[in-house]
Amino acid sequence: MSKIKSVSDAVKLIPDNAILAVNSSSGLCCPDFILKALGKRFDTEQHPKNLTAIHPIAAGDMFGSPGTEHIAKPGMLKKIIGGSYISGPTKAEPPKIWQMITSNQLAAYNVPSGIIFDMLREGAAKRPGVFTKVGLETFVDPRLEGCAMNSRAAEEPIVRVESFDQEEWLFFKSLIPDLSIIRCSVSDERGNISFEQEGAYLGAMEMALAARNNGGLVIAQVRRVEQNGSLRPHNVHVPGILVDVVVEAPDMLQTTATEYDPAISGELIRPLDSFKFQEFGVNKVIARRVAQELRRGWAVNIGFGISANVPRILLEEGCHGEVTWVIEQGAIGGIPLLDFKFGCSANAEAFVTSPNQFSYFQAAGFDASLLSFLEVGRNGSVNVSRLSAVPHRTAGAGGFVDITSRARKIVFSGNFNAGARMRIENNKIKIDQEGKIPKFVEEVDQVSFSGPKAKRQGQDVTYVTERCVIKLIDGCLTIVEVAPGIDLQKDILDQAATEIKISSELSVMDKSLFSEGPCNLELSS
């Protein structure tokens, strides 16, 4: 029997008070066609109401795939559990979901992405929940914020501290969705689905199992439907026995602002000379210095921001392939993409599911992580997840907490302060106007990464800015390198809102980083 239904018939299957899990990463794999129809049904019928939405990674964006914006309606959503959220420019009107969060119209939680996937896996296996050390001493810890984004969420705690085998753990109850919505490329009439034109699997299988094993429904959005028997068994990532309904959406985007790029899905190899290099400037200097922290043969995770350009630095310097890039959406190898395509890789060597990738990250199986910072505290703690003045400017923590919890080496990157106007002149940094917002502060607004915990665990932590390189040494921020043209007192110490120590072995950053030509990067083994 065919499982193909119209989108209007599919969303009628979603009842009031349902717990809804959505597989997405911004525009990547976003079932936007179904979410749009679901929102329209509520506008017409005022049903389904009082939904709980689960999003391990943000569903949708502000640039082509609205995602959760379709269902961010008072009365429709009562709770949202997200690893990350739609974000956008400071001057843009806040997304509807952020307006609901900040006005306390629903209970909202920011739970690390990997933990949400773990909660779904435990729900699928009918186990009680997740014991984890990920998030201890960060905003995830209930002794700080317990993942609550507003007061309504704080009234309904989602995590607690437990003692097990004489150790301290965080405990999250399993998530059991009544309905899971996944998106893929192709389905046959029996609901066997393939991801052949997608840039990731994310957690489709885990969401399908969590719903199906607990008596729920699974709805799949696909680009096209083919005849039974036409799909190779090895290409079927979620079998039809787990899928209840299939909805065709032939015009769906592959990812944010991208109709279709076969290099994203691994269907062709993109020529290396087709990748644009970063324009020379202050941020390129930072990315180059970050690249100097790497070693040949490493597996390296990267996050959004300045560090996302490091793969192109290696390509430009003739070092492409000397490290293997790994990102939370599941791509391994290739070249991670930028801007609206972030979360995708071109020329990937392999795709794994996000839950498995997060197991790899949580246990520190990889060699290094390159990430950004909003604020750095005196004790080395980092805030990347909350900008109180403009909440929608950040997406929340995403996989940041999972990745940094045990990572052996972390390189944070960012500008030393916010708002400065700078340029490079004669291979030196020239500051034309100083920034007004310090990024190195006494205490961070939200603890996304714990410096004291990093000290106890012996993690190697570096902070790279355009003015200096700082390391966490014995729990203290310590300047180890200064950029040429920078006055240590006036441009660094006086611009920080906290104490920063100076290494007795202070050196000058490599001057080749500040030249427009190649910096002659060489990775040692």
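Residues numbered from 1 in each chain as written. Predicted model: local features only at pLDDT ≥ 70, side-chain atom pairs only at ≥ 80, totals over all residues. Heavy atoms only, no water.

A. Region of interest: the sheet that holds strand β5 (residues 129-132). The 3 strands lie next to each other as β5-β7-β6, forming an open sheet whose pairing is antiparallel. Where the open sheet ends on each side, the last strands, each with one partner, are β5 and β6 (159-164). Adjacent strand axes in the sheet meet at a mean angle of 35 degrees when their direction is disregarded. Here β5 runs beside strand β7 (residues 167-173); their pairing, made up of 4 bridges, is antiparallel. The residue of β7 that forms the bridge with G129 is K173. Strands in contact with helix α4 (residues 113-124) are β5 and β7; relative to β5, the strand with the most contacts, it is inclined by about 140 degrees. (Pairing = 2+ DSSP bridges. Helix = DSSP H or I, 4+ residues; strand = E, 2+ residues; numbered from the N terminus. Axes fitted to C-alpha atoms, helices over the stretch in contact; angles between N-to-C directions. Contact = heavy atoms within 4.5 Å.)

B. Representation of a nonpolar patch on the surface within the structure. A grouping of M62, F63 and F340 is seen on the molecular surface, where their side chains present a nonpolar patch of about 260 Å² in accessible area. With respect to the helices and strands, F340 occurs in the loop between β18 (335-336) and β19 (345-346). Accessibility expressed as a relative area gives 41% for F340, which makes it partly exposed. (Patch = residues over 30% accessible without salt bridge, like charges linked within 9 Å, V, L, I, M, F, W, Y side chains within 5 Å. Areas by Shrake-Rupley, 256 points an atom, 1.4 Å probe, with all protein chains shown as cover. Salt bridge = Lys/Arg side-chain N within 4 Å of Asp/Glu carboxyl O. Buried < 20%, exposed > 50% of the residue type's maximum accessible area, 1.4 Å probe, protein only.)

C. Expanded view of the packing of aromatic side chains. Tallied over the full model, the rule gives 16 aromatic pairs. Taking 6.0 Å as the distance between ring centres and 85 degrees as the angle between the ring planes, the aromatic pair formed by F358 and F361 counts as edge-to-face. Within this pair, F358 and its partner F361 are both found in helix α9 (residues 354-362), separated by 3 residues, close to a single helical turn. According to the relative accessible area criterion, F358 is buried, its value standing at 0%. By relative accessible area, which is 0% here, F361 ends up buried. Ring centres 5.6 Å apart and planes at 65 degrees place the aromatic pair F373 and F440 in the edge-to-face group. Highlighted residues: F373 in the loop between β21 (368-372) and β22 (375-377) and F440 in strand β29 (residues 440-441), separated in sequence by 67 residues. The residues F373 and F440 share a single accessibility class, namely buried. Looking at K133, its charged tip hangs above the ring of W169, at a distance of 4.5 Å from the centre. Taking NZ or CZ as reference, R270 lies 3.9 Å from the ring centre of F275, over its face. (Phe/Tyr/Trp six-rings, centres within 6.5 Å; stacked < 30°, edge-to-face > 60°. Lys NZ or Arg CZ within 6 Å of the ring centre and 35° of its normal.)

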